[in-house]
Amino acid sequence: MIVLDADVLGRARTGDETYVRNLLLQLPTVAPDLRFGAVTRHPELVPPGVEAIELPARSQELRMAWSFPRLLRRLKPELAHFQYALPLGYRGRSVITVHDLSFETGVGGMSRAERAVFRAVVPRAVARADRVLVVSERTKADVVAHYGADASRIVVTPNGVDPRYTPGPGRHDYVLFVGAIHSRKDPWSALAAAQHVGLPLVVAGPDRDPAITAALRAGGADLRGYVTADELLELYRGAAALVLPSRFEGFGLPVAEAMACGTPVVLSSEPALREVAGDAGVYAEHGDYGAALERALAERKELSIAGLARAKQFTWEAAARVTAQTYRQVLGA
């Protein structure tokens, strides 16, 4: 059995949860010769074709140091796939996924204690894992630069777009920001851009910083919190544009999802965002998101067509196929 750490399921972890959920949906189809199990505190969220293995957890630290290692010793998987870190003492064949190294940059989004934990465990996991999966060339370059990792052990598997994200009717009378609310995502710039063009800002994402949340609300933003995939689809379709002024990204999944819905995207010049949007995105020169949003609204039809074509490059089936091939390489080693 190949065991995947699926503890993020049901925990409103935005991009990381989307990644794990879609791999679990696709892997049994693209790799019917392999047997998969998912270790999670929410077994009801594990899709058909994958064995659900329940593991309650009060503390993530205790889970990775005690309960998960005990479970793995009992299961004896052929290979295990983790997010960012390996459980304490695990010496079996392993693959880890590193989504980004924002915790190494100090750009915000994590507490000092969280950054310290990630800085301690991720380099060790990168050094010990048989393969490292990353979601962009930007993250691959960061892993090599920060940890001196052998580039031949790092496999780029870009995120995909759920097929439900397609164009549909919408009033296009608001600006949309999608992502957890914290300083790294810079939601203030999205609010300023929306105010510049005279449209309200809708924010879809969990609250990670109460002070920023309060400031956005005071500025007139419509805060929706964590939304379901169906709710997010309707928000993408109804938006005049998505604005993502992030200071650091490993991929930028909302960009691909918005483009798949025909919605123009206004972005910072972060390398990962450029990887996703290419020429279909509008980039804020010198941080002028108001001017970039004006352009996106003026060229909405052309950008919509370009974005739809660009989004077709990103599928979860492709991500799962590369992931399954990586498993086979490790098992055959």
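Structure shown above.
First things first, this report covers the structure right here in the doc. Note that the structure is predicted; figures quoted are calculated from it, not measured.

## Focus: the packing of aromatic side chains
Taken as a whole and assessed by the stated rule, the structure comprises nine aromatic pairs. Taken together, a centroid distance of 6.3 Å and an interplanar angle of 65° make the contact between tyrosine 19 and tryptophan 316 edge-to-face. Here tryptophan 316 lies in helix H12 (residues 316-332) and tyrosine 19 lies in helix H1 (residues 15-30), a separation of 297 residues in the sequence. On the accessibility criterion, tyrosine 19 (1% relative accessible area) is buried.

## Quick word on the pairing of strand S4 (residues 79-83)
Two faces belong to every sheet, and in a regular strand the side chains alternate between them. When you tally the buried positions in S4, you get five out of five residues, the bulk of the element. Residues Leu79, His81 and Gln83 of S4 are buried on one face, and the alternating residues Ala80 and Phe82, pointing to the opposite face, are buried as well. Pairing of strand S1 (residues 2-5) with S4 involves three bridges; the strand directions are parallel. If you follow valine 3 over to S4, its bridge partner there is alanine 80. Note that S4 and strand S5 (residues 94-98) share four bridges and pair parallel. Across the sheet, the residue bridging to alanine 80 is serine 94, located in S5.

## Quick look at the packing of H1 against H12
Running from N to C, H1 and H12 cross one another at 70°; their axes reach a closest spacing of 8 Å. By the criterion of interaxial angle, the relationship of H1 to H12 is roughly perpendicular. Residues Thr18, Tyr19, Asn22, Leu23, Gln26, Leu27 and Val30 of H1 form the contact with H12, whose own contacting residues are Trp316, Glu317, Ala319, Ala320, Arg321, Thr323, Ala324, Tyr327 and Arg328. Here the residues of the contact of H1 with H12 sort into nine nonpolar, four polar and three charged.

Analysis parameters
- Residues numbered from 1 in each chain as written.
- Predicted model: local features only at pLDDT ≥ 70, side-chain atom pairs only at ≥ 80, totals over all residues.
- Heavy atoms only, no water.
- Phe/Tyr/Trp six-rings, centres within 6.5 Å; stacked < 30°, edge-to-face > 60°.
- Helix = DSSP H or I, 4+ residues; strand = E, 2+ residues; numbered from the N terminus.
- Buried < 20%, exposed > 50% of the residue type's maximum accessible area, 1.4 Å probe, protein only.
- Pairing = 2+ DSSP bridges.
- Axes fitted to C-alpha atoms, helices over the stretch in contact; angles between N-to-C directions.
- Parallel < 35°, antiparallel > 145°, perpendicular 65-115°, else oblique.
- Contact = heavy atoms within 4.5 Å.
- Nonpolar A, V, L, I, M, F, W, Y, C, P; charged D, E, K, R; others polar.

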